[in-house]
Amino acid sequence: MNITTDRFKQNIYEKGYLTAKAKVTFRSGAILEIADDDLMEGGLSIDDSVGDSSSFEVGGAVINKCTLVLNNFEHKFDKYDFAGAEFVVFVGFVLEDPETETESTEWIQKGVYTTDTAKTSENVITVECLDSMALFDKSYSYSRLAYPATLREIVLDACEVCGVPLQNTNFPNNDYVISKHPEDQNVTFREVISSAAQLCVCFARVNYAGALELKWYPVEIFEKDYDGGSFNLVEPEHQKYADGDKLDGGDFIHYGGKRIDGGDFDRFDNYHSIYNLVNATIETDDILVTGVELSTTITKVTEDGEDSEDITFSYGKEGYVIRIENNVLVDDGERAVSMIGNGLIGLKYRPLSINCFPNPSIEAGDVAIVTDRNGNSYQTIVGELSYTVGGNMMISAPAESQSENQSVRFDVTAKLVQRVKETTKQEVSNYDIQVRKLNNLMANAMGLYQTKMEDPSGGVINYMHDSPKLEDSTVIWKMALEGFAVSLDGGETYTSGITKDGNAVLNILSAVGINADWITVGGQDNTDGTLNVKDAAGNTLVRLGKDGITLQNGAKLIGGNGVLSTFSFTNTGDSGNPGMNLLGFFLEPNVRTKNTIDVYIPPGFVITEAYVTLTHAPLIGSNFVGYARNVRLYKVENPENYYWAAYAGGQAEPSDDDTEEIKGAFGTYGFTASVPTSQSHRTEIKRSINIKDSIEVNKYNRFLIMSADSIPTTQMGCLQKSGAVMAVLNVTGYMS
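Here goes a summary of the coordinates provided. (Residues numbered from 1 in each chain as written. Predicted model: local features only at pLDDT ≥ 70, side-chain atom pairs only at ≥ 80, totals over all residues. Heavy atoms only, no water.)

**Focus on the state of the cysteines**
As a reminder of what qualifies: Cysteine sulfur atoms that pair up within 2.5 Å are treated as a disulfide. Residue burial is assigned from relative accessible area. The probe radius is 1.4 Å, only protein chains are included, and a residue is buried under 20% of its type maximum, exposed over 50%, and partly exposed in between.
Counted under the stated rule, the structure contains 0 disulfides. We note that cysteine 129 lacks a disulfide partner, and the nearest cysteine sulfur, in cysteine 66, lies 5.8 Å from it. Since its relative accessible area comes to 0%, cysteine 129 is described here as buried. Left unpaired, cysteine 200 is separated from the closest cysteine sulfur, that of cysteine 202, by 5.3 Å. Owing to a relative accessible area of 1%, cysteine 200 belongs among the buried residues under this scheme.

In structure tokens form, the structure reads like this:
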């Protein structure tokens, strides 16, 4: 919602008219001001959306569009190349002052757009521009983020790589951790932004200043209970009811009766009241979200390789269910669907499509109360809108019907619209992005109003605000003895500023350098702090977070419990030699060959994971092909009693009392190498499951790797079931 004055709110539907202008910055650096006279009639139109046009959507990340039709009859624009030009677009409300009989214009900035196409037809130039969401249509392979990563880090990384400022970092579920990088090689940053917004129960949009923001419809305003205030009889210097809530009393002019002034109900910045309908299609019933279904593909490692399975997770109950597919960040479907469900279930609004008089303060993502010609009012959301300066405004609150909802699945990320071709752009640092955002804001900023108030001691408190009256303002800067701060809610809370002692409260801090005696990352309001160290290209080299210190390649130096270490143990064969050894069956006498791994872990070491990695090579002779079959992992229960004979003397069969198989270590049916041929002499690698629970600390451990097949009775049978194997056991953990 764009901030406007009470003068605007009270007159936008009754008096005045709209005008438009734009400031154009060309790639050459030249700047051009486009006035209303430079536009053809109806020469500026805006399409604004936060989701799909036919159904309710969470996680939308839509590229919005502005179209300008320029009057070039005098060839004013012939010398300009509009390719890649940046447009800062304004829509103004012109109102005549009856006392002075002069007109004044209240301007609203409606966005920052970049040329997508520019076409000339005779003496008319039509320029179609897209907002910065188009910059996210870039392969996610350019991401410099190391996973695991929080949703906040994922969005910040996308903004840094694609060169778009981030407006807000404290969105719902921003500290939720995604364990692994999206597997799809064709995924784009916009799909990742959409998936992150979905998990946050938000939509992603580029605001009027060209910055990305993740937010949601402020439907809670419809649920608020208002207090009319008290008489304040004890304090006669106060006005009656002055301590009550302020509320939009509405406008009764469409009832055809006398206009009623309900008093000081002028603060209605959280929703719009729309009643001047040209035509409308309004559904007979509200939509009430009762549940969420999330479909995702789970990849599992099986004995035959990787296998994919489609799984659907449900949350809530039957009724009106939001069905979601192909979220590229989901790695825990059960938790994800509960997060989305907790944010969505209970959402209620009236689906509709209306044509009304234009109000440029309305944006997609706002909420409104729509009143039809019969006086019936409906609480709704603004899912998408479009309008032309000089024409009407189309507003839609989309939803599937109840029957469609129960039969049709829809894919949020697949509905991203208006893909544009990817262009190569110079990557800039986050500091440069924030500097650019600041310069754009300052270059196109509106003026402020000023109010000075004396305190009891005679000192002056300075207020700078966005409306002529301080009490009507939403954005307020306050300068007093104790510091300088800004409020975005009319002075109720001050969320950013600096005190006289040098203590600052900020949203995003961008600086060339920081010198500090101490730095705290995270805390009560940001439960899990994260510190990333990056190189000049923006690649994360070291990540310090709640899980410890992680390097770029995913290796951990320090975990949540201490310094991490890894012990490596290599196998020895029946001959006692380490490294590559025969695994299968020996020729004469026919016996089972075994590979042994001896392990000792010092006291005080806590094991977090342990994996055996087999490297297998086939045996290929002139008249046979051999490879290991049904290879399994065993632990020797009493290694001090285990009978070990010299290789030349053969190896006794281990008894069941001495060994215990580690079930499924190499798969349910053990590891069997692929069939080799003389033309394809392949080496295979097989990793076991995590066997940390089978290793005892401060004790001698012995593991055997051998085939579970019966011993062949012929020499050829032994050859065919034998291969060469090297096994390494890596044990990772920390000293307690």
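**Description of the packing of aromatic side chains**
Defined as follows: Aromatic rings from Phe, Tyr and Trp, taking only the six-membered ring of Trp, are treated as a pair when their centres fall within 6.5 Å; an angle between ring planes under 30 degrees marks them as stacked, one over 60 as edge-to-face, and anything in between as tilted. Numbered from the N terminus, helices here are DSSP runs of H or I no shorter than four residues, and strands are runs of E no shorter than two.
Here the structure, examined in full by the defined rule, presents 15 aromatic pairs. Here phenylalanine 26 and tyrosine 80 contribute two aromatic rings whose centre-to-centre distance is 4.8 Å and whose plane-to-plane angle is 10°, an arrangement assigned as stacked. Of this pair, phenylalanine 26 sits in the loop between β1 (17–25) and β2 (31–34) while tyrosine 80 sits in the loop between β4 (65–71) and β5 (86–97), and the two are 54 residues apart along the sequence. Judged by relative accessible area, which is 5%, phenylalanine 26 ranks as buried. Residue class for tyrosine 80 comes out partly exposed when judged on its relative accessible area of 22%.

**Quick look at the side chain of threonine 150**
This is how the line gets drawn: Whether two residues touch is decided by their heavy atoms; if any such pair falls within 4.5 Å, the residues are in contact.
As for its placement among the helices and strands, threonine 150 is situated in strand β8 (residues 149–150). Setting aside its immediate chain neighbours within four residues, threonine 150 contacts Asn174, Asp175, Tyr176, Val177 and Arg543.

**Side note on the pairing of strand β22 (residues 384–388)**
We count it as follows: Strands are labelled as partners when DSSP assigns at least two bridges between them.
Burial of the side chains of β22 is restricted to one face: Leu385 and Tyr387 are buried, whereas none of Glu384, Ser386 and Thr388 on the reverse face is. Of the strand pairs in this sheet, β22 and strand β23 (residues 393–397) are connected by 4 bridges, and their pairing is antiparallel. In the sheet register, leucine 385 faces β23, and the bridge partner there is isoleucine 395. Connecting β22 to the antiparallel partner β23 that follows it, the hairpin turn spans 4 residues, and glycine 390 within it adopts a positive phi of roughly 100°.

**Some remarks on the sheet that holds strand β21 (residues 377–381)**
Condition: Here, axes are lines fitted to C-alpha atoms. For helices the fit covers the stretch in contact, and angles between N-to-C directions go from 0 to 180 degrees.
Read across the sheet, 3 strands follow the order β12-β20-β21 without closing on themselves; strand pairing throughout is mixed. On the outer flanks of this sheet lie β12 (272–274) and β21, each paired with one strand and no other. The sheet shows a mean angle of 25° between the axes of neighbouring strands, direction not considered. The pairing of β12 with strand β20 (residues 367–371) spans 3 bridges and is classified as parallel. Bridge pairing links isoleucine 274 to valine 370 in β20.

**Overview of the nonpolar core**
We apply this condition: Take the buried residues of types Ala, Val, Leu, Ile, Met, Phe, Trp, Tyr and Cys, join any two whose side-chain atoms come within 4.5 Å, and each joined set is a nonpolar core.
Core analysis: the biggest nonpolar cluster contains 111 residues, and Phe87 and Leu212 have the highest contact counts within it. The biggest single contributor to this core is helix α2 (residues 151–162), with 7 residues. Filtering out sequence-adjacent residues up to four positions away, phenylalanine 87 remains in contact with Ala22, Lys23, Val24, Ile34, Leu68, Phe82, Gly111, Val112, Tyr113, Thr115, Val127 and Cys129. Grouped together as the second largest cluster of nonpolar side chains are 27 residues, Phe569, Ala628, Ile691 and Ala727 included.

**Concerning the pattern of salt bridges**
Any two side chains of opposite charge can pair if their charged atoms end up close together. Here is the rule we go by: Any Lys or Arg side-chain nitrogen found within 4 Å of a carboxyl oxygen on Asp or Glu counts as a salt bridge.
Under the criterion given, the structure shown has 17 salt bridges. Between aspartate 286 and lysine 348 there is a salt bridge, with its nearest N and O atoms 4.0 Å apart. Here the residue aspartate 286 occupies a position in the loop between β13 (277–282) and β14 (287–288), and lysine 348 occupies one in strand β18 (residues 348–349), the gap between them amounting to 62 residues. On the accessibility criterion, aspartate 286 (33% relative accessible area) is partly exposed. Residue lysine 348 is classed as partly exposed on the basis of its relative accessible area of 48%. Glutamate 696 is the salt-bridge partner of lysine 635, the closest N and O atoms lying 3.0 Å from each other. With lysine 635 in strand β41 (residues 631–636) and glutamate 696 in the loop between β43 (684–687) and β44 (700–707), this pair connects stretches of sequence that are 61 residues apart.

**Some thoughts on α2**
Given 3.6 residues per turn, any residue in an α-helix points the same way as the ones three and four places further on. For the record, the criterion: Under the convention used throughout, the expected extent of a helix is 1.5 Å for every residue step, that is, one less than its residue count.
Helix length check: α2 (12 residues) gives 17 Å between terminal C-alpha atoms against 16 Å at 1.5 Å per residue, within 8%. Across the 12 residues of α2, 11 count as buried, placing the element largely inside the fold. Turning to α2, its buried residues are Leu151, Arg152, Glu153, Ile154, Val155, Asp157, Ala158, Cys159, Glu160, Val161 and Cys162.

Functional significance is not addressed by these values, which are geometric in nature.
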